[in-house]
Amino acid sequence: SHLTVKADIAAIGIGASGTEGDLIKIDPLNYEGTGASSGQSVKGTASAGVQGVRIFKTFPTVAKIAVPSTTLTVGQVDLYRFSVTANSTGNVGLYQFSFNLATSSASTANGTTTISGATLYAYNDAGFSSPVSNGAFTNGLLATVATPAGGKNAFNFGSALQVPAGTTLYFRLVATVAQTAGTTGSSGSVSTYISGDTGATVLGNATALAASSTVWSANATSTSVAASNDWTNGYLVTGLPTLGTDIVTLSK
């Protein structure tokens, strides 16, 4: 037997009583109830520490997409692909994603593998043929990290990218790979994963959240700009791992 608790949440928006970012949390230390349909009684105890539900007007869902090839080649290559879908209840604003990047260790025999010019692009279609272009972004280019560090790299857009309600945008992280041969030739690897946030959900302007891995907005009352105070981090966003999972490794 189990007990399901449901809440009727107030709408969020202009003139609505719901408050973005509120946490609904019930710790059922002692409970007893009878099902209206089944007539079955349930009673018991439970410990505190329920995670709860954080409420927003809308939310994003992130999904990993396979890269064209996992064979490492020199030149510009796709390191990671993913999509972001906005819930049907409203547009989702995006301001920053972060990626952990790692190259194989330098080897006397196998040489050295390096990456540069890591760039994040956005597209309107799953075929990655129609780049997002508007006043802030040209040819889908969102952000570039010229010399990626080993570990987390933040790709800050500098302006809000809106994902329309109920629709999906597609993203690819590309970089230029170079290899210096060792005594027996060139081989190596590049591993990449998108970073989630482990800390609790917070609200603020985009600059204040720059230390977060992901920065997004539910556009609670209007379309958010960087100075708006309804940006939040990627904590518990579906598809954003809190640990190093969904790793894409290109190797040769």
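What you are looking at is a predicted structure, and each value in this text was computed from that prediction instead of being measured.

What counts, and where the lines are drawn
Residues numbered from 1 in each chain as written. Predicted model: local features only at pLDDT ≥ 70, side-chain atom pairs only at ≥ 80, totals over all residues. Heavy atoms only, no water. Phe/Tyr/Trp six-rings, centres within 6.5 Å; stacked < 30°, edge-to-face > 60°. Helix = DSSP H or I, 4+ residues; strand = E, 2+ residues; numbered from the N terminus. Buried < 20%, exposed > 50% of the residue type's maximum accessible area, 1.4 Å probe, protein only. Lys NZ or Arg CZ within 6 Å of the ring centre and 35° of its normal. Pairing = 2+ DSSP bridges. Axes fitted to C-alpha atoms, helices over the stretch in contact; angles between N-to-C directions. Core = buried A, V, L, I, M, F, W, Y, C linked by side-chain atoms within 4.5 Å. Contact = heavy atoms within 4.5 Å. Salt bridge = Lys/Arg side-chain N within 4 Å of Asp/Glu carboxyl O.

**Q** An account of the packing of aromatic side chains is needed here, citing residue identities and associated values.
**A** Considering all chains together, one arrives at 13 aromatic pairs under this definition. Ring geometry for Phe-56 against Trp-216: centres 5.2 Å apart, planes inclined by 55°, an arrangement best described as tilted. Of this pair, Phe-56 sits in the loop between β4 (53-54) and β5 (60-65) while Trp-216 sits in strand β14 (residues 215-217); the two residues are 160 residues apart in sequence, bridging distant segments of the chain. Judged by its relative accessible area of 4%, Trp-216 is buried. Where Phe-137 meets Phe-157, the ring centres are 6.4 Å apart and the plane angle is 90°; that geometry is what we call edge-to-face. With a gap of 20 residues between them, Phe-137 in the loop between β8 (112-123) and β9 (141-145) and Phe-157 in strand β10 (residues 151-163) connect regions that are remote in the sequence. Taken as a pair, Phe-137 and Phe-157 share a single burial class, namely buried. Above the face of the Phe-128 ring, Arg-81 is positioned so that its terminal group lies 4.1 Å from the ring centre.

**Q** Describe the sheet that holds strand β11 (residues 168-180), listing the residues and the values that go with them.
**A** The strand order across the open sheet built from five strands is β5-β6-β11-β8-β9, with neighbouring strands paired in antiparallel fashion. One side of each edge strand has no neighbouring strand; the edge strands of this open sheet are β5 and β9. Strand-to-strand twist of the sheet, defined as the mean angle between neighbouring strand axes without regard to direction, takes the value 20°. Two elements, β8 and β11, share ten bridges in a ladder whose sense is antiparallel. Across the sheet, Thr-112 pairs through a bridge with Thr-180, a residue of β11.

**Q** So what's going on with the nonpolar core? Residues and values would help.
**A** By size, the foremost hydrophobic cluster in this structure holds 41 residues, and its most contacted members are Phe-82, Leu-94, Phe-99, Leu-120, Leu-161 and Phe-171. Counting only elements with at least two residues in this core, the list comes to β6 (75-86), β7 (92-103), β8, β9, β10, β11, β12 (189-194) and β16 (248-251). Setting aside its immediate chain neighbours within four residues, Leu-161 contacts Val-92, Gly-93, Leu-94, Ala-122, Val-132, Phe-137, Leu-142, Leu-169 and Phe-171. By size, the runner-up hydrophobic cluster in this structure holds six residues, among which are Tyr-95, Ala-206, Leu-209 and Val-215.

**Q** Describe the pattern of salt bridges, and please don't skip the residues or the numbers.
**A** Applying the stated criterion to the full structure yields two salt bridges. The partner of Asp-78 in a salt bridge is Arg-172, with the nearest N and O atoms 2.8 Å apart. Remark: Arg-172 occurs in strand β11 and Asp-78 occurs in strand β6; sequence separation between them is 94 residues. Take Asp-78: its relative accessible area is 11%, and that puts it in the buried class. Here the salt bridges do not stand alone but share partners, grouping Asp-78, Arg-81 and Arg-172 into one network.

Geometric descriptors of this kind do not, in isolation, establish any biological role.
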